Amino acid sequence: MVIFLFYTYLAATKSPRSMKLIDGKAVSEEIKNTLKQDVIDYKNRTGRVPHLAAILVGDNPASKAYVSNKVKSCQQVGFNSTLIKLEEDISEEQLLTHIRELNENPDIDGFIVQLPLPKHIDDVKVTLAIDYKKDVDGFHPVNFGRMAQGLPCYLPATPFGITLLLERYNIETAGKHVVVVGRSNIVGTPMSILMSRKSKTGDATVTLTHSRTKNLAQIVSQADIVVAAIGIPGFITEDMVKEGAVVIDVGINRVEDESTEKGSRLVGDVDFVKVRGRSSFITPVPGGVGPMTVMGLLLNTFKSANKEIYN
Ligand code: NAD
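We now turn to the structure provided with this report.

Think of an α-helix as turning once every 3.6 residues; residues three or four places apart then point the same way. Relative to the 33 Å expected for 23 residues at 1.5 Å per residue, helix α2 (residues 24-46) spans 31 Å between its end C-alpha atoms, a close match to the ideal helical length. Among all positions of α2, only G24, V27, S28, I31, K32, L35, V39 and Y42 are buried. The elements touched by buried residues of α2 are α3 (61-77), α7 (157-168) and α11 (289-305). The N-capping residue of α2, defined by a side-chain oxygen 3.2 Å from the backbone nitrogen of K25, is D23. G47 occupies a position one or two residues after α2 and carries a positive phi of about 80°.

The sheet built from six strands is open, its strands ordered β1-β11-β8-β7-β5-β6 with parallel pairing. Edge positions in the open sheet fall to β1 (20-21) and β6 (205-209), since each of these has one partner strand only. Pairing of β1 with strand β11 (residues 279-282), which is carried by two bridges, proceeds in the parallel orientation. Among the inter-strand pairings, L21 is bridged to a residue of β11, identified as I282.

Glancing now at the pattern of salt bridges. Under the defined criterion, the tally for this structure stands at eleven salt bridges. K64 is the salt-bridge partner of D59, the closest N and O atoms lying 3.6 Å from each other. When its relative accessible area of 57% is taken as the criterion, D59 is described as exposed. With a closest N to O distance of 3.4 Å, E167 and K200 form a salt bridge. One end of the pair, E167, is in helix α7; the other, K200, is in the loop between α8 (188-196) and β6, with 33 residues separating them in the sequence. For K200, a relative accessible area of 66% puts it in the exposed group. Each of R48, D107 and D109 takes part in one network of salt bridges that share partners.

About the criteria used
Residues numbered from 1 in each chain as written. Predicted model: local features only at pLDDT ≥ 70, side-chain atom pairs only at ≥ 80, totals over all residues. Heavy atoms only, no water. Helix = DSSP H or I, 4+ residues; strand = E, 2+ residues; numbered from the N terminus. Expected span 1.5 Å × (residues − 1). Buried < 20%, exposed > 50% of the residue type's maximum accessible area, 1.4 Å probe, protein only. Contact = heavy atoms within 4.5 Å. Polar contact = N/O pair within 3.5 Å; in protein donor to acceptor, adjacent residues only side chain to side chain. Pairing = 2+ DSSP bridges. Salt bridge = Lys/Arg side-chain N within 4 Å of Asp/Glu carboxyl O.

Written out as structure tokens, the structure reads:
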């Protein structure tokens, strides 16, 4: 009885020591290893290998780093990859021509256009030009609409990666209050839809918050699970997080740091050092959601190669 009471007390008063780091890097390595074998089997069965292409416009250093990571991951799992680098001043029409070529190329299973695009290019037009059957980033309205209705589709890569993490760490979502901060089309909004749907990592009660939300801190402090996708370093502070909450930090922000060789480092949207003591689970930046976004992309491409979603 005494022992039972002691453990009940421990469970009720989660100390910082009970915080668990959600290791996206390790989970992504596990997925890569499984996928590597699946690709070998696929090749033996079909005589071809899955092929992902990426279009990179301009010289944005962050975009270059993301794309090169995606290419490297393709190599690691045995996919073919094609990188199409275009000048910053390419016209919208020229870019659309490249997209049409990829749409029509039967050797390409899926492709992405790395965002953000230069200001003179309309990214909505670009998203709509991609054949939804090859839209492995899951941004096209056909995939988005199918996701919202719970139909088979390519899930947006980042929310897909987050659901894989929740599953891998057996984080219960049913009946929980999830507060998503940020309503972008690629992270916040689809994440809020996915978690509210009837599914293994859904069935939650979701509040979607954004820049016009009133009493944001108070709403976040009621969350069992916080998903931060804002783009402001350290925006989610210790006082905003309920003791024992699960914290998923999507943000990737570069901040100055003279103590590093580069003079800068990457941080998330959560004040990790302070918030981790209050959370039950938390994703670090880097090494949390980032590597899982790439996994979402690879898994979607493999689904496309297998014609799992569309014929
Ligand atoms: P976005 O800029 O498109 O959207 C930001 C959202 O934050 C907006 O909906 C806005 O309403 C909200 N917001 C801004 N200021 C706010 C405030 N003061 N209070 C409440 N809400 C506020 O951003 P995004 O594309 O969703 O990206 C968000 C962050 O996630 C960025 O740091 C980005 O680099 C990162 N990101 C990471 C990955 C990954 O793989 N880890 C993938 C995509 C984006």
